[in-house]
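# Structure assessment
What follows is the residue order along each chain.
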Amino acid sequence: MTEESAALYVVPTPLGNMGDLTRRAEEILRTVPWVAAEDTRHSGPLLKQLGAQARTIPAHQHNEHEAAAKIVEKLLVGEAVALISDAGTPGISDPGARIVAAVRAAGCKVIPLPGPCAATTALSGSGLLDEHFLFYGFLPSKGGQRRQVLEDLREYPCALVFYEAPHRALETVADLASVLGERTLVIGRELTKLFESIHSCPLNEALEWLKGDPNRQRGEFVLMVSGAPAGTEDGEGERVLKLLLGEGLPVKQAAKLASQITGAAKNALYERALALKE
Ligand code: SAM
C-alpha cells in the first residue's frame, strides 16, 4: 500500500455507475487486509471485481459497537481497515459514524476519502440558487412527526435536502408542499443510473407531476427544496394569518385578509392555513 498503513479508510462507493469509484478508493479496497462492510453480500461483487483479497467485517446499523471494537483491534496491531456502505459515503444516512468515533477515541487514525454521495451529486445538478444548503437526510416515516420536522425547518433560508424511499415519495412531497408553501422542488432520481432524471417544478405542482406517471415514483430519490425567502412578506403573512385564525376566522377568509394586509401570496397562505388547521 502506498497510503499510511494502520488507518481506518472511509471509502465512498458508487451510487450506481461503477466508473465513479475513484482510483484511490480502488487501490485501498484492493490492498487493505480488512474491509468493514454494511452488507458483506452486497459488497462481495464489488470486491471481487476489484480482485480484492480482504477479509470482511460486517458493520451495519445493528452491530456498530461490536464492529467498532473489532476494527480497533485490527488497527492496534497495525492492520488497515476500509469502511464501506452499500452505496455512497459511509456515515451519511448510513452506518459508520459510531465506528469512526470509536476509532478516533482509541487514538487510531481515520482517513476519509472524497467520492460518491447522493446529496452532493443531486445538489450539483439541481440548479438551485441558494448559497447554503441544509442536508437533512431521511425525514421521519410517520406523517405527524414528519410535518413537525418540516415546521421546524420552515424558516431556514437555505436549500433543504432530503433522502426518501420510493414508497414514501408521494406522501413526503405532499407534506413538503403543505408545510413549506411556495418554493421550487428539484427531484433527483436514480442518479448515475440508466433512468437518471432531474425534474424541477413549483413545489405545489410536484405531487401531480409524480402521479402523472408511475415510473416517476420508482427508484431512489433526493428531494431538494429551495430555501425560505429571507426577510420577505412571507413571515409577516404567516404572523397575520395565525392571528386571524386565532380570532376564529374561516381558513379562506383568513388567507384572503392576510394576503391583502401583507401582500403575501393568497394561495400559499390558504395552503398554509389548511396545514395549520390540521
Ligand atoms: N450514504 C449514501 C450517500 O452517500 O448518499 C446514502 C445512503 S441512504 C441509506 C440511501 C438514500 O440515498 C436513498 O434512499 C436515496 O434517498 C439516496 N440515494 C442513494 N442513491 C441514489 C441515487 N442513485 N439517486 C438518487 N438518490 C439516491
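To be clear, the structure that these remarks concern was listed above.
A few points on the structure. (Residues numbered from 1 in each chain as written. Predicted model: local features only at pLDDT ≥ 70, side-chain atom pairs only at ≥ 80, totals over all residues. Heavy atoms only, no water.)

Broken down by element type, the chain carries eleven helices and ten strands. Expressed as lengths along the three principal axes of its C-alpha atoms, the size of the chain is roughly 70 × 40 × 30 Å. Within the chain, buried positions represent 46% of all 278 residues. Contacts spanning at least 24 positions in sequence make up 68% of the contacts within the chain whose residues lie at least 6 apart. Taking the 29 positively charged and 35 negatively charged side chains of the chain as two groups, their mean positions are separated by 3 Å. (Helix = DSSP H or I, 4+ residues; strand = E, 2+ residues; numbered from the N terminus. Buried < 20%, exposed > 50% of the residue type's maximum accessible area, 1.4 Å probe, protein only. Contact = heavy atoms within 4.5 Å. Lys, Arg positive; Asp, Glu negative; His and termini not counted. Charge placed at Lys NZ, Arg CZ, Asp CG, Glu CD.)

So, on to the packing of helix α10 (residues 251–262) against helix α11 (residues 266–277). The N-to-C vectors of α10 and α11 enclose an angle of 135°; their axes lie 8 Å apart at closest approach. Taken together, the axes of α10 and α11 are oblique relative to one another. Seen along the crossing, α10 lies across α11 with a hand that is right-handed. Within the contact between the two elements, α10 uses Val251, Lys252, Ala255, Lys256, Ala258 and Ser259 and α11 uses Lys266, Leu269, Tyr270, Ala273, Leu274 and Lys277. Residue classes in the contact of α10 with α11 are distributed as seven nonpolar, one polar and four charged. (Axes fitted to C-alpha atoms, helices over the stretch in contact; angles between N-to-C directions. Parallel < 35°, antiparallel > 145°, perpendicular 65-115°, else oblique. Left-handed = near helix turned anticlockwise from the far one by under 90°. Nonpolar A, V, L, I, M, F, W, Y, C, P; charged D, E, K, R; others polar.)

As a further point, take the site of the ligand. Thr89, Ile92, Ala118, Tyr163 and Phe221 are the nearest of the 19 residues found near the ligand. Within the backbone of Thr89, one N or O atom sits 2.8 Å away from an oxygen atom of the ligand. Contact between the ligand and Ala118: an oxygen atom at 2.8 Å from a main-chain N or O atom of the residue. Listed by contribution, the elements that provide at least two residues to the shell around the ligand are β7 (159–164) and β10 (221–225). Counting contributing residues per domain, the shell around the ligand is built from domain 1 (7–116) and domain 2 (119–225), each supplying no fewer than three. (Near = heavy atom within 4 Å. Polar contact = N/O pair within 3.5 Å; in protein donor to acceptor, adjacent residues only side chain to side chain. Domains from an automatic or database assignment.)

A few words now on α10. The end-to-end C-alpha distance of α10, which contains twelve residues, comes to 16 Å, matching closely the 16 Å that a straight helix rising 1.5 Å per residue would cover. Where α10 is concerned, the buried positions are Val251, Ala254, Ala255, Ala258, Ser259 and Thr262. Along the long axis of α10, the arc covered by the buried residues comes to 130°, so they all point the same way. In α10, the exposed positions that point more than 90 degrees away from the buried face belong to Lys252, Gln260 and Ile261. Note on α10: the residue one or two positions beyond its end, Gly263, has a positive phi of about 85°. (Expected span 1.5 Å × (residues − 1). Arc of directions from axis to C-beta.)

Our next topic: the nonpolar core. Judged by nonpolar contacts, the single largest core of 23 residues is most densely connected at Phe162, Leu176, Leu180, Leu185, Leu203, Leu223 and Val225. Going through the elements one at a time, α6 (143–153), β7, α7 (169–180), β8 (184–189), α8 (203–211) and β10 are the ones with two or more residues in this core. In terms of residues, this core owes the most to one element, α7, which gives six residues. Val225 has contacts with Leu128, Cys158, Ala159, Leu160, Phe162, Leu176, Leu180, Arg183, Thr184, Leu185 and Leu203, leaving out every residue within four places of it along the chain. The next biggest cluster of nonpolar side chains, apart from the first, holds 20 residues, and it includes Leu21, Leu29, Ala82 and Leu113. (Core = buried A, V, L, I, M, F, W, Y, C linked by side-chain atoms within 4.5 Å.)

Attention shifts here to the sheet that holds strand β3 (residues 55–58). Taken together, the five strands give an open sheet; going across it, the order is β3-β2-β4-β1-β5, and neighbouring strands pair in parallel fashion. A strand with exactly one partner marks an edge of an open sheet, and here the two such strands are β3 and β5 (109–112). On average, each strand axis in the sheet is inclined to that of its neighbour by 25°, with strand direction left out of account. In the sheet, strand β1 (residues 7–10) pairs with strand β4 (residues 81–84) via three bridges, with the strands oriented parallel. Looking at β4, one finds that Tyr9 is bridged to Ala82. The strands touched by helix α3 (residues 64–76) within the sheet are β1, β2 (34–37), β3 and β4, with β3 carrying the most contacts at an inclination of about 145°. (Pairing = 2+ DSSP bridges.)

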